[in-house]
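Inside the fold
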Amino acid sequence: MNSRIILLITGLVLSSIFLTVGAASAETPRYLQVRSITMTLEGPDATFNIEYELDMIARVYVMFLGTGSIEPAIYDIFSDFNDIQVLSVREDNAVVKVRNVSYHDPEQGGNIFFHDSHNLGITVDTFILVFPSGVERTFSNVSTTQNTFFEA
């Protein structure tokens with residue numbers, strides 16, 4: 001019985017070391033494989049849905065200690081953005097709200113917003129851009145958001 005407890009504690013300590021080292025690096029940690037990001041434009045703001053897979057050690061770690069250890073890696077993806085808020089982090093997805101990521105030029109008239117490209121902290125296989133009208137555009141193998149304009 002004591003050997004099981006020692007083995008469990010050792011596993012948790014080792015996995016926390018691996019997770020911490022991965023979060024401190026400049027690129028996305030190896031334990032987090034982002035499959036897709038969906039950016040939904042909402043006037044000056046945007047909501048990002050990130051879908052990812054965790055490796056086996058990270059899943060065990062999250063099962064015992066929760067998703068708080070994934071949050072720094074999520075923030076790293078959006079390091080080029082200013083006003084970000086992680087709304088939820090789950091075992092396979094996260095939702096992030098970014099405020100003032102697009103701007104309105106009053107000289108253009110109407111409700112036209114402009115979004116300048118921002119770097120993502122990763123290269124993602126599938127990036128989906130959803131306009132306020134519901135129209136979607138899908139991009140492959142991107143490391144930045146797209147320059148675009150839209151009507152809100």
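Attention here is on the structure that accompanies the text. Along each chain, numbering runs from 1 in the same order as the chain's sequence is written. Local features in this predicted model are restricted to residues whose pLDDT is 70 or higher, and side-chain atom pairs enter the listing and the counts only when it is 80 or higher, whereas totals over whole chains, interfaces and linings include all residues. The side-chain figures draw on all heavy atoms in the structure; neither hydrogens nor water molecules are used.

For sheets, the rule is that strands pair by backbone hydrogen bonds, running either parallel or antiparallel. Read from one edge of the open sheet, 3 strands run E5-E6-E9, paired in antiparallel fashion. Since the sheet does not close on itself, it has two edges, and those belong to strand E5 (102-104) and strand E9 (148-151), each with one partner. Between one strand axis and the next, the sheet turns by 30° as a mean value, whatever way the strands run. Inspection of the sheet shows E5 paired to strand E6 (residues 112-115) by 3 bridges, in the antiparallel sense. Within E6, the residue paired with Tyr103 across the bridge is Phe114. When DSSP finds at least two bridges between two strands, those strands are taken to pair. Only runs of H or I of at least four residues qualify as helices and only runs of E of at least two qualify as strands under DSSP, and these elements are numbered from the N terminus. Working convention: axes come from line fits to C-alpha atoms, limited for helices to the stretch in contact. Angles between N-to-C directions cover 0 to 180 degrees.

Right, let's talk about the nonpolar core for a bit. Judged by nonpolar contacts, the single largest core of 36 residues is most densely connected at Ile37, Phe48, Tyr52, Phe78 and Phe127. Within the residue set of this core, elements represented by two or more residues are strand E1 (32-42), strand E2 (45-54), helix H2 (56-65), helix H3 (71-77), strand E3 (83-89), strand E4 (93-99), strand E7 (119-130) and strand E8 (136-144). With sequence-adjacent residues up to four places away left out, Ile37 is seen in contact with Phe48, Asn49, Ile50, Ile77, Leu120, Ile122, Val124, Thr126, Phe127 and Ile128. What we call a nonpolar core is a set of buried Ala, Val, Leu, Ile, Met, Phe, Trp, Tyr and Cys residues that are connected through their side-chain atoms within 4.5 Å. Think of it in three bands: residues with accessible area under 20% of the maximum for their type are buried, residues over 50% are exposed, and the middle band is partly exposed, with areas taken using a 1.4 Å probe on protein chains only. Here a residue-residue contact requires only that any non-hydrogen atoms of the pair lie within 4.5 Å.

Our focus in this paragraph is the pattern of salt bridges. Side-chain pairs of opposite charge can arise where the charged atoms are in close proximity. In the sections that follow, a salt bridge refers to a side-chain nitrogen of Lys or Arg positioned within 4 Å of a carboxyl oxygen of Asp or Glu. With the rule as written, the count across this model stands at 2 salt bridges. Between Glu53 and Arg35 there is a salt bridge, and its shortest N-O distance comes to 3.9 Å. Here Arg35 lies in strand E1 and Glu53 lies in strand E2, a separation of 18 residues in the sequence. Given a relative accessible area of 44%, Glu53 falls into the partly exposed group. In this structure Arg35 comes out as partly exposed when scored by relative accessible area, which is 37%. Close ionic contact of Glu42 with Lys97 constitutes a salt bridge, the shortest N to O distance being 2.6 Å. Here Glu42, found in strand E1, pairs with Lys97, found in strand E4; they are 55 residues apart in sequence, far enough to count as distant. The exposure class of Glu42 is partly exposed, given its relative accessible area of 33%.

So, to be careful, I would describe these as geometric facts and stop short of saying anything about function.
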